[in-house]
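# A structural walkthrough
What follows is each chain in one-letter form.
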Amino acid sequence: MKLRYEVSGEDMSLAGKASGEVKRALGRLGVNPAAIKRTAVCMYEAEMNMVIHGGGGVAEAELSPDRVVVTMRDSGPGIPDLELAMQEGYSTAPEWIREMGFGAGMGLPNMKRNSDELRIDSAPGKGTTVTIMVKFDSSEGTGA
Amino acid sequence: MKVRDIVSTLEGVLLTGEALLDLDIQAACGADLMSDVMAFVKENVVLLTGLVNPQSIRTADLMDIKVVVFVRGKVPPKDMVAEAERNGMAVIATKYSMFLACGRLYEAGIHGGGTRDIR
């Protein structure tokens with residue numbers, strides 16, 4: 001099953017909605033809550049990045065019995081130094097984003113921590129594609 | 001501690017979530033940075049925040065947080081309360097600052113931080 005969402009780069013009030021939809025879809029399929037939470041965190045951070053830096057884009061979630069693969073694709077300016085961007089605390093987000101509770105340089109580290117595989121394809125001027133894979137491991141517990 | 005006791009301890013106003021008044025909450029997290037909530041919260045907590053925008057409700061929803069307290073006298077707009085209601089959450093507003101709100105809940109018996117191990 002594949003879910004697809006357009007993520008607006010202009011309306012901040014909508015940011016996070018696609019992640020909420022995917023979370024609910026995984027819940028309806030009976031995926032274990034810990035894996036749902038990990039997926040939700042990764043996708044929400046990626047969605048915020050897409051809105052903040054990428055000018056919006058397309059989010060897709062491909063669901064299999066044992067995993068979900070989320071692909072977030074934008075046509076924004078790209079990431080010039082990925083290693084730097086992966087460092088906790090490093091941020092290029094403007095002040096108004098910080099006032100919204102994001103932009104503190106936690107996004108990519110949060111995605112790395114919560115995913116089983118994280119791939120970032122980006123180059124200046126060529127946009128960014130973030131691919132997140134989360135496995136549904138039933139031994140993971142409830143996530144509570 | 002039950003949600004109804006959180007409301008009274010904080011001398012707060014329940015904006016939505018009557019059905020959750022008897023829900024038992026063991027831990028709390030005070031944060032204005034939603035990435036920190038996603039990075040550190042592990043258990044089912046009450047989230048105390050001064051961040052009044054839809055991202056606080058959405059972050060809470062994604063983290064299965066059922067109760068959000070807005071501190072420092074901040075009152076979320078109706079559409080945010082409606083989104084929380086649709087998500088089956090309780091929303092409380094209190095005049096207390098973050099420090100005092102957290103302190104009052106701690107004193108009243110919520111001692112857990114609800115976070116993963118922080119090194």
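Here's what I pulled together on the structure shown here. Since this is a predicted model, take the numbers as computed values, not measurements.

Turning to the interface of chain B and chain A, a few remarks are in order. The partner chain A presents 26 residues to the 23 residues of chain B that form the contact. Taken over both partners, the interface formed by chain B and chain A buries close to 2,000 Å², and the fraction arising from carbon and sulfur atoms is 54%. Inspection of the chain B/chain A interface yields two salt bridges. Going through the elements one at a time, α2 (34–40) and α3 (54–62) of chain B are the ones with two or more residues in the side of chain B that touches chain A.

Direction vectors running N to C along helix α2 (residues 33–52) of chain A and α3 of chain B enclose 155°, while the axes themselves pass 9 Å from each other. If you check the angle between α2 of chain A and α3 of chain B, you find them roughly antiparallel. Residue-level inspection shows Lys 37, Ala 40, Tyr 44 and Met 48 of chain A of α2 of chain A in contact with α3 of chain B, the latter providing Gln 55, Arg 58, Thr 59 and Leu 62 of chain B. Tallied by class, residues from the contact of α2 of chain A with α3 of chain B come to four nonpolar, two polar and two charged.

So, about the pairing of strand β4 (residues 67–70) of chain B. Residue and element names in this part refer to chain B. Residues Val 67 and Val 69 of β4 are buried on one face, and the alternating residues Val 68 and Phe 70, pointing to the opposite face, are buried as well. Where strand β3 (residues 45–49) and β4 come together, four bridges link them in parallel fashion. When the bridges of β4 are listed, Leu 47 appears paired with Val 68. One crossover worth recording links β3 to the parallel β4 by way of α3, and it is right-handed. Of the pairings in the sheet, the one linking β4 to strand β5 (residues 90–93) comprises four bridges and is parallel in character. Looking at the pairing, Phe 70 lines up with Ala 93 of β5. Crossover handedness for the path β4 to helix α4 (residues 78–86) to β5: right-handed.

The rules behind each value
Residues numbered from 1 in each chain as written. Chains lettered and ligands numbered in written order. Predicted model: local features only at pLDDT ≥ 70, side-chain atom pairs only at ≥ 80, totals over all residues. Heavy atoms only, no water. Contact = heavy atoms within 4.5 Å. Buried area = accessible area lost by both parts, 1.4 Å probe. Salt bridge = Lys/Arg side-chain N within 4 Å of Asp/Glu carboxyl O. Helix = DSSP H or I, 4+ residues; strand = E, 2+ residues; numbered from the N terminus. Axes fitted to C-alpha atoms, helices over the stretch in contact; angles between N-to-C directions. Parallel < 35°, antiparallel > 145°, perpendicular 65-115°, else oblique. Nonpolar A, V, L, I, M, F, W, Y, C, P; charged D, E, K, R; others polar. Buried < 20%, exposed > 50% of the residue type's maximum accessible area, 1.4 Å probe, protein only. Pairing = 2+ DSSP bridges. Right-handed = clockwise from strand over helix to strand, strands pointing away.

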